[in-house]
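Overview (structure and organization)
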Amino acid sequence: MTPRRIGLAALAAGLCLAASPAADAAPAEVADAQARLRQLLELDRRAAEVGDRLLAAGADLCASPGHLLTGAILHRPADYGPRLRPAFAGAPDTPSVAVIVTGSPAA
């Protein structure tokens, strides 16, 4: 599996909590929220890949690096506004992996 496919597989795994509609949301609302959440998480993944490269490249310039480059981004339903919460389909408000950065230790 290529690094890109691994990253996309992790993205899909992070969305598996959204497999069934929430009790208080219409199926169309859930599907729309899931599509918007996928787009947002893809942007998060891309930004994290750039950030990880910048932090790794500049590590020798820092006297005491404060960032641990795990390559995993965590999230929970409460991190999102009301337009995206239906995507979580009533999942508990506990942290889960949202994105895995391609080529990172978490991949």
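Since the model is a prediction, treat every value here as computed from it, not as a measurement.

In this section: the environment of Thr-102. One can find Thr-102 in the segment after strand E2 (96-100). We classify Thr-102 as partly exposed; its relative accessible area is 23%. With 53 residues separating them along the chain, Thr-102 and Glu-49 place their C-alpha atoms 7.1 Å apart. One polar contact links Thr-102 to Glu-49, side chain to side chain, over a distance of 2.9 Å.

A few words on the nonpolar core. By size, the foremost hydrophobic cluster in this structure holds ten residues: Ala-33, Leu-37, Leu-41, Tyr-80, Leu-84, Ala-87, Phe-88, Ala-91, Ala-98 and Val-99. Looking at this core, the elements that each hand over two or more residues are helix H2 (27-57) and E2. Looking at which element gives the most residues to this core, the answer is H2, with three residues. Among residues more than four places away in sequence, those in contact with Leu-84 are Ala-33, Arg-36, Leu-37 and Leu-40.

This brings us to the pattern of salt bridges. Per the stated rule, a full pass over the model turns up five salt bridges. Between Asp-79 and Arg-76 there is a salt bridge, with its nearest N and O atoms 3.6 Å apart. The exposure class assigned to Asp-79 is partly exposed, which follows from its relative accessible area of 47%. Among the ionic contacts, a cluster of salt bridges with common partners joins Glu-42, Arg-45 and Glu-49.

Cut-offs and rules
- Residues numbered from 1 in each chain as written.
- Predicted model: local features only at pLDDT ≥ 70, side-chain atom pairs only at ≥ 80, totals over all residues.
- Heavy atoms only, no water.
- Helix = DSSP H or I, 4+ residues; strand = E, 2+ residues; numbered from the N terminus.
- Buried < 20%, exposed > 50% of the residue type's maximum accessible area, 1.4 Å probe, protein only.
- Polar contact = N/O pair within 3.5 Å; in protein donor to acceptor, adjacent residues only side chain to side chain.
- Core = buried A, V, L, I, M, F, W, Y, C linked by side-chain atoms within 4.5 Å.
- Contact = heavy atoms within 4.5 Å.
- Salt bridge = Lys/Arg side-chain N within 4 Å of Asp/Glu carboxyl O.

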